[in-house]
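Take a look at the letters that make up each chain.
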Amino acid sequence: MSQKLLLSAKEIDIILHRLACQLIENHTHFEDTVLIGVQPRGIFLADRIKEVLVRDYGLSSVKMGHLDITFYRDDFRRGEKPLEANKTHIDFTVEDKRVVFIDDVLYTGRSIRSALTAIQSFGRPREIELLTLIDRRFSRHLPIQPNYRGRQVDAINQEKVKVHWVENGGEDAVYLINN
């Protein structure tokens, strides 16, 4: 197994600021916008984006939640090992709001399809956008594309893209792993 560094901590920081600026361009003060980190790995990116918006751009009114999609996945009962649920934390309604889903890697699109179904339990959004750190653009199973992307990666199916965050992996880095 070999791995190649795709993004360093400095490059991730630059991308986070660019993504935050793109969100500000489209959502200005975030009055009608909510950020939703898709569990499990999208929450680290969502937390970082919110931190940049608050700390560096003074947008203290940004609402953010975490959405668990475990029971909405189409592969929920297909594996040998049962999937473990995460916690959903959404303490606001999404009714008539602009929702921005945030996930670390967009691969087949199935997680986002699950998130689209799961969010309906919290109301009917006015619109939904997708922000992703890594877009594996040639491996989509569903017609889902990000509105905001950090980096496009062309990886063959045997290769994996692994995002590490200081909070859960000890470092900020993105690797391409070849099995």
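- As recorded in an unreviewed UniProt entry, the chain goes by Pyrimidine operon attenuation protein / uracil phosphoribosyltransferase and comes from Aquimarina amphilecti.

1. Some details on the sheet that holds strand 8 (residues 173-178)
Here is step 1 of the chain: As summarised here, the arrangement of the three strands in space is 1-8-7, forming an open sheet in which the pairing is antiparallel. Where the open sheet ends on each side, the last strands, each with one partner, are strand 1 (2-7) and strand 7 (159-164). Strand-to-strand twist in this sheet, taken as the mean axis angle between neighbours without regard to direction, amounts to 25°.
Here is step 2 of the chain: Both strand 7 and strand 8 contribute to a ladder of six bridges, which runs antiparallel. Bridging across to strand 8, V161 finds its partner in L176.
Here is step 3 of the chain: Relative to strand 1, helix 1 (residues 9-27) is tilted by about 40°, and along the sheet it contacts strand 1 and strand 8.

2. Quick look at the environment of V38
Here is step 1 of the chain: Turning to its location among the elements, V38 is positioned in strand 2 (residues 33-38).
Here is step 2 of the chain: Sequence separation between V38 and D103 is 65 residues; the distance between their C-alpha atoms is 5.5 Å.

3. Remarks on the side chain of T70
Here is step 1 of the chain: Position of T70 relative to the elements: it lies in the loop between strand 3 (63-67) and strand 4 (98-106).
Here is step 2 of the chain: Residue class for T70 comes out buried when judged on its relative accessible area of 5%.
Here is step 3 of the chain: One polar contact links T70 to D68, side chain to side chain, over a distance of 2.7 Å.

4. A word on the pattern of salt bridges
Note that side chains of opposite charge can pair when their charged atoms are close.
Here is step 1 of the chain: A full pass over the atoms with the stated rule returns 11 salt bridges.
Here is step 2 of the chain: For E51, the salt bridge identified is with R55, shortest N-O distance 2.6 Å. Highlighted residues: E51 and R55, both in helix 2 (residues 42-57), separated by four residues, approximately one helical turn.
Here is step 3 of the chain: Overall, E51 belongs to the partly exposed group, its relative accessible area being 40%.

5. Side note on the packing of helix 1 against helix 2
Here is step 1 of the chain: Contact geometry for helix 1 and helix 2: axes closest at 9 Å, N-to-C directions at 70°. Between helix 1 and helix 2, the angle falls in the class roughly perpendicular. Where helix 1 abuts helix 2, its residues L16, H17, L19, A20, C21, L23 and I24 lie against L45, R48, I49, V52, L53, R55, D56 and Y57.

6. Overview of the nonpolar core
Here is step 1 of the chain: If you look at the biggest cluster of nonpolar residues, it comprises 34 residues, and the most contacted ones within it are L35, I134 and V174.
Here is step 2 of the chain: Elements that contribute at least two residues to this core include exactly strand 1, helix 1, helix 2, strand 4, strand 5 (127-135), strand 7 and strand 8.
Here is step 3 of the chain: The element that contributes the greatest number of residues to this core is helix 2, accounting for seven residues.
Here is step 4 of the chain: In this structure, L35 is in contact with L23, F30, I49, L53, V62, K63, M64, G65, V100 and I102, ignoring residues within four places of it in sequence.

7. What about the side chain of E159?
Here is step 1 of the chain: Checked against the element boundaries, E159 lands in strand 7.
Here is step 2 of the chain: No salt bridge is formed by the buried E159, whose closest oppositely charged neighbour, R136, lies at an N-O distance of 5.9 Å.
Here is step 3 of the chain: Beyond its immediate chain neighbours, meaning those up to four positions away, E159 contacts R136, L176, I177 and N178.

8. Examining helix 2
Here is step 1 of the chain: If you check helix 2, its first and last C-alpha atoms are 22 Å apart, about what 16 residues at 1.5 Å a residue would give, namely 22 Å.
Here is step 2 of the chain: Residues of helix 2 that are buried include every one of G42, I43, F44, L45, A46, R48, I49, V52 and L53, and no others.
Here is step 3 of the chain: Buried residues along helix 2 sit against helix 1, strand 2, strand 3, strand 4, strand 5 and helix 4 (166-169).
Here is step 4 of the chain: Once helix 2 ends, the next one or two residues include G58, with phi positive near 65°.

Reading the values: rules and limits
Residues numbered from 1 in each chain as written. Predicted model: local features only at pLDDT ≥ 70, side-chain atom pairs only at ≥ 80, totals over all residues. Heavy atoms only, no water. Pairing = 2+ DSSP bridges. Helix = DSSP H or I, 4+ residues; strand = E, 2+ residues; numbered from the N terminus. Axes fitted to C-alpha atoms, helices over the stretch in contact; angles between N-to-C directions. Contact = heavy atoms within 4.5 Å. Buried < 20%, exposed > 50% of the residue type's maximum accessible area, 1.4 Å probe, protein only. Polar contact = N/O pair within 3.5 Å; in protein donor to acceptor, adjacent residues only side chain to side chain. Salt bridge = Lys/Arg side-chain N within 4 Å of Asp/Glu carboxyl O. Parallel < 35°, antiparallel > 145°, perpendicular 65-115°, else oblique. Core = buried A, V, L, I, M, F, W, Y, C linked by side-chain atoms within 4.5 Å. Lys, Arg positive; Asp, Glu negative; His and termini not counted. Expected span 1.5 Å × (residues − 1).

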